[in-house]
Each structure stands twice: as structure tokens, then as C-alpha cells.
Amino acid sequence: MPKIVSAKVIITSPGRNFVTLKIECDDGTTGVGDATLNGRELSVASYLTDHVIPCLIGRDAHRIEDIWQYLYKGAYWRRGPVTMSAIAAVDTALWDIKGKLAGLPVYQLLGGASRESVMVYGHANGTTIEDTVKVALDYQAQGYKAIRIQCGVPGMASTYGVSKDKYFYEPADADLPTENVWNTSKYMRVVPELFKAAREALGWDVHLLHDIHHRLTPIEAGRLGKDLEPYRPFWLEDATPAENQEAFKLIRQHTTTPLAVGEIFNSIWDAKDLIENQLIDYIRATVVHAGGITHLRRIAALADMYQVKTGCHGATDLSPVCMAAALHFDLSVPNFGVQEYMRHTPETDAVFPHAYTFANGAMHPGEAPGLGVDIDEDLAKGYEYNRAFLPVNRLEDGTMFNW
Ligand SMILES: O=C(O)[C@@H](O)[C@@H](O)[C@H](O)[C@H](O)CO
Ligand SMILES: [Mg+2]
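Counting starts from 1 at the beginning of each chain's written sequence and moves along it residue by residue. Chains carry letters and ligands carry numbers; both start at the beginning, A for chains and 1 for ligands, and go up in the order they are written. Only residues with pLDDT of 70 or above have their local features reported here, since the model is predicted, and side-chain atom pairs are shown and tallied only from 80 upward, although totals for entire chains, interfaces and linings are computed over all residues.

Novice: Please explain the domain arrangement of the chain as it appears in this structure.
Specialist: The parts lose accessible area when they come together, and the size of an interface is often stated as this lost area. These domain limits were set by an automatic method or by a database of domain assignments. Along its sequence, the chain is organised into domain 1 (4-105) and domain 2 (109-368). The straight-line distance from the C-alpha centre of domain 1 to that of domain 2 is 26 Å. Contact criterion: two residues are in contact if their C-beta atoms, reconstructed from the backbone, are within 7 Å. In this assembly, 30 residues from domain 1 lie in contact with 30 residues from domain 2. Helix and strand assignments come from DSSP, with helices taken as H or I runs of at least 4 residues and strands as E runs of at least 2, each series counted from the N terminus. Of all the elements in the fold, those that place two or more residues in the side of domain 1 that touches domain 2 are β2 (18-25), β3 (30-34), α2 (64-74) and α3 (81-102). The element contributing the most residues to the side of domain 1 that touches domain 2 is α3, with 11 residues. Each residue gets one of three labels, nonpolar for Ala, Val, Leu, Ile, Met, Phe, Trp, Tyr, Cys and Pro, charged for Asp, Glu, Lys and Arg, and polar for the others, Gly among them. Class assignment for the residues of the side of domain 1 that touches domain 2 results in 13 nonpolar, 11 polar and six charged.

Here you go:
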């Protein structure tokens, strides 16, 4: 049996902070797992180093399920983004090792390919509607079949999803949280205009997505969903904060626009009622924050029973290790919907050499045994950790709001 003899946490910051777990077995086989939790990276690093790694040494690396259960039930304090990101990193690294030892890409261990490739969506954003549509046309020209569109809001200095440099969006932008200001009614006026202009420019053969990013009440989300129905959005994401899963009932009463939620979910329990009551159409949970491949498969299996599809989160703060693992999952899962692909920078890609490829609006994890991704430890050493927080959001009267 491949015995775990060591494991280490590698923190590197090629443009943004990443936390990677690397596990090594007695025969020299290694596996990697993403443990990055944007804005709280060191908490997961410590959880792994101080509370998980000592319990891994000497265990059989093939026993993925047993180790998962040991770390989940053994913590006593179950669930939460820190715990489940740490468990995810271990799980992902063990699937990587299992694939390498079997000489198979992980998707083959998950039941093989259910499709030829994985449709992805890119992020078109701009300060104005015109700017956003121009970038969306560029994505369409690159072959993307699905494009997220986010534009600035007249009268507001900033809004979610609009970056200074268009193609790379990194919201964790300061040593202490940047304070943004928000106005819902101004936002709700511009989004239908954006979709109208986008449909006129791009036509109907491209999927258009939008991320509300937890900023509307259920009835406001119902209103926006209804306003957008003529433009057929592929989904409206994070329409309202989802701690109260029941809130989505009110949105469903008012609009047929498909709903996606779950990038901040970290276990099946966060999504159970949403899925069982068919209150959503896509589940966004992904490998790094929802307990790894093992737990994400459970979430997808429950979703499949209710015709809910997967739509894994894939922002730049999820490392190429998570992207690789997600693509193996996406290729095999029966109820695949779409994969977010917010390209990493060239310096990040250099630190994380990978086998996955993009062509014509779709991706493939490649045929390398395991996940087909690694971390170049020498390169990684050259990028010091830089504390960076996600912004916070206030209403114009100063009330603390959702970012
Ligand atoms: O859908 C998305 O990609 C966003 O919600 C993310 O950009 C999210 O804001 C970041 O991952 C937070 O770190
Ligand atoms: Mg989102």
C-alpha cells in the first residue's frame, strides 16, 4: 500500500495568494490539492499544518473515503469553509496519487468520460455597456459558447465583476478590505440594458450569464429575473444570500430565469433544500471549497435526481490545481452544465504546470495520470505571500451590505 510519509503546505503568490497541499508516499509518488480560501488563506494553511498533516502520516493513501470521513467526523466541529477547504486539499491530492499509481487520468477513475469536452464560460466586463459588449464579442470570436457579462453602474464608483484590466479579475485587492459602495436600484436599471445590447450584438447562439453576487433581496431578484426573461439568460448567479435556502421560493414564484448558486457552499447540507425543492437549476459548489472530488460527487448525484446541473466555480482565486480537478469531475459527471474559466495569469500558469487545454469554447483535463497538474516549488518560492482581503460593501448611507 502507498503509505503517506510526508505532506507540506506551499504558500505562493504569483499575482495572488495560493495555498497548495503536497502529499508524498513512501514510493515517492506525490499528489497536490488546492487549499486556497480567498482572503483567509493562512487559516487553511494552519488548519492543514497544525491539525491535519500530523494525522495523515502513516496512512494508506488509497483510502480516500476513510481519510475523508476521518477528517470530517474526527474534527467534531463539522463543515465551514476552512475545514472543508482543508479536507478538499487532502482529498484532491489523494485522487491525484491514486491516478498516478493506476496510470490513469482521474476522470477515468470517476467512471470515464461522459462527454468529449467541457463547455466553459469566460468573463466579459467593462465600465460601460459598450465596453462590456466589445469584450464579449472578443470572447465570442475566441470560440466561447458561454459568456458572463458584468458592467459598471452609472453613478457608482465600482461594482462586482468589473476589473481594471478586463481579462484578469482579482477582487482581493488590498492589505485591508477596500470599502465599496452599492445602490440596488441603479444596478437593477442597467442590467436589462446590458442584456438587450448584448443580445443585439452577439445574437442568440451564445449563452449569456450574469452574477448578482448576493446583492438582491428575493423579490428584487424575482423582478430582475422577470426583466431579463426576454433575453433568455443562461443563469442568474447568487441572486440573493443563500443561508436561507427557502428564500429562493419567492424568486421562483416570479421568474423562469434559471438560477445558479453555491460557490460559497462547502457541503451538501448547504444545498440540500435548494436541490430537493428544485429552487435552483445549477449548483456552483466546486472542488476546493466543498470537500474535494469525493464530496462534490455526492452533491452532483443529489442534484442529478432533481435535474439540477453542475456549474462549478472557477475564478482566479481557485488555483490551476482546483481547475484541473474540476475538469476531471466535469468530464465524467452525468449532469454537467458549465464550467467557469476565469483564465489565470501567465505567471500563475508557470507556477502550476498543467495538462488541461482550452479550444473553441471548451476544455479538457488531458490524459496525464492523476490530475495532470503540479506545483513548481522553485518558482513558487520566488513569490512571497502578500496579505490581501476581499472588499467589503456598504450602502450609500453607510449600512454594511453584501459584497
Ligand atoms: O462567480 C465568480 O467567479 C465570483 O463570484 C468570484 O469572482 C468571487 O467573487 C471570488 O471567487 C471570491 O474570491
Ligand atoms: Mg460568483
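Novice: Explain the nonpolar core here, please?
Specialist: Generally speaking, a soluble globular protein has its nonpolar side chains buried in company with each other. Residues enter a nonpolar core if they are buried, belong to Ala, Val, Leu, Ile, Met, Phe, Trp, Tyr or Cys, and are joined to the set through C-beta atoms within 7 Å. Using C-beta atoms placed from the backbone, we call a residue buried if 20 or more other C-beta atoms fall within 10 Å of its own, exposed if 12 or fewer do, and partly exposed for counts in between. Counting residues in hydrophobic clusters, the biggest one holds 114 residues, and the most contacted among them are L21, L48, A86, V90, I147 and I280. Broken down by element, this core gets its largest block of residues, 11 residues, from α3. When residues no more than four places from it in sequence are discounted, the contact partners of L48 are V9, L21, A35, I53, A86 and A89.

Novice: Looking at this model, I keep getting lost on the packing of helix α9 (residues 268-276) against helix α10 (residues 292-305). Mind explaining?
Specialist: Each pair of packed helices can be summarised by the angle the axes make with each other and by the distance between the axes. Their axes nearest at 10 Å, the elements α9 and α10 cross at an angle of 5°. In this view, α9 runs roughly parallel relative to α10, as classed from their interaxial angle. Contacts between α9 and α10 involve I268, A271 and I275 from the first element and H295, R298, I299, L302 and A303 from the second. Taken together, the residues that form the contact of α9 with α10 break down as six nonpolar, one polar and one charged. Axes here refer to lines fitted to C-alpha atoms; in helices the fit is confined to the stretch in contact. Angles between the N-to-C directions go from 0 to 180 degrees. By definition in this entry, angles of less than 35 degrees are roughly parallel, angles greater than 145 are roughly antiparallel, angles of 65 to 115 are roughly perpendicular, and the rest are oblique.

Novice: What's the story with the sheet that holds strand β16 (residues 400-401) in this structure? I'm lost.
Specialist: Only strands that DSSP links by at least two bridges are regarded as paired with each other. Pairing in this open sheet of three strands is mixed, and the strands run β6-β15-β16 from one edge to the other. Edge strands, defined here as strands with exactly one partner in the open sheet, are β6 (179-182) and β16. Sheet analysis places β6 next to strand β15 (residues 392-395), joined by four bridges and oriented parallel. Along β15, the bridge assignment pairs V181 with R394.

Novice: How should the environment of Y160 be read in this particular structure?
Specialist: You can see Y160 is positioned in the loop between β5 (146-151) and β6. Here Y160 falls in the buried class, since 22 other C-beta atoms lie within 10 Å of it.

Novice: Quick question: what am I supposed to make of helix α6 (residues 184-202) here?
Specialist: One turn of an α-helix holds 3.6 residues; hence residues three or four places apart share an orientation. Across its 19 residues, α6 extends 27 Å between first and last C-alpha, which sits within 8% of the 27 Å expected from 1.5 Å per residue. Among the residues making up α6, those that are buried are Y187, V191, L194, F195 and A198. All buried residues of α6 project into a common sector of 95° when viewed along the axis, lining one side. Among the exposed residues of α6, those pointing more than 90 degrees away from its buried face are S185 and E200. The inward-facing, buried residues of α6 abut α5 (129-141), β5, β7 (207-211) and α7 (218-228). Following α6 by one or two positions, G203 has its phi on the positive side, about 80°. A helix's residues, less one, multiplied by 1.5 Å, set its expected span. In this context, the arc is that of the directions from the helix axis out to the C-beta atoms.

Novice: What is the right way to read α10 from this model?
Specialist: An ideal rise of 1.5 Å per residue puts 20 Å on 14 residues; α10 measures up with 21 Å between its terminal C-alpha atoms. Inspection of α10 places G292, I293, T294, H295, L296, I299, A300 and A303 among the buried residues, and these make up the whole buried set. Of the surrounding secondary structure, the elements contacted by the buried residues of α10 are α2, α3, α9, β10 (282-283), β11 (309-310) and α11 (320-332).

Novice: Could you clarify how one ought to interpret the environment of E200 in this entry?
Specialist: Position of E200 among the secondary structure elements: in helix α6. The spacing of E200 and N125 is 75 residues in sequence and 17 Å in space, taken between C-alpha atoms.

Novice: Can you walk me through unusual backbone geometry in this structure?
Specialist: Residues apart from glycine generally show negative phi values, whereas peptide bonds are mostly found in trans. Positive phi values are uncommon outside glycine, yet H213 reaches one of about 60°. By the secondary structure assignment, H213 is in the loop between β7 and α7. For H213, a count of 18 C-beta atoms within 10 Å corresponds to the partly exposed category. Positive phi, close to 45°, is recorded for D238, a residue that is not glycine. According to the C-beta neighbour criterion, D238 is buried, with 24 such atoms within 10 Å.

Novice: Sorry if this is basic, but what is going on with the packing of α5 against α6 here?
Specialist: Packing of α5 against α6 brings their axes to within 10 Å, and their N-to-C directions diverge by 40°. One finds that α5 runs oblique with respect to α6. Between α5 and α6 the crossing geometry is right-handed. For the pair α5 and α6, contact is made by I129, T132, V133, A136, L137 and Q140 and by E193, L194, A197, A198, A201 and L202, respectively. When its residues are assigned to classes, the contact of α5 with α6 shows nine nonpolar, two polar and one charged. Handedness of a crossing follows from how the near helix is turned relative to the far one, being left-handed for an anticlockwise turn of less than a right angle and right-handed for a clockwise one.

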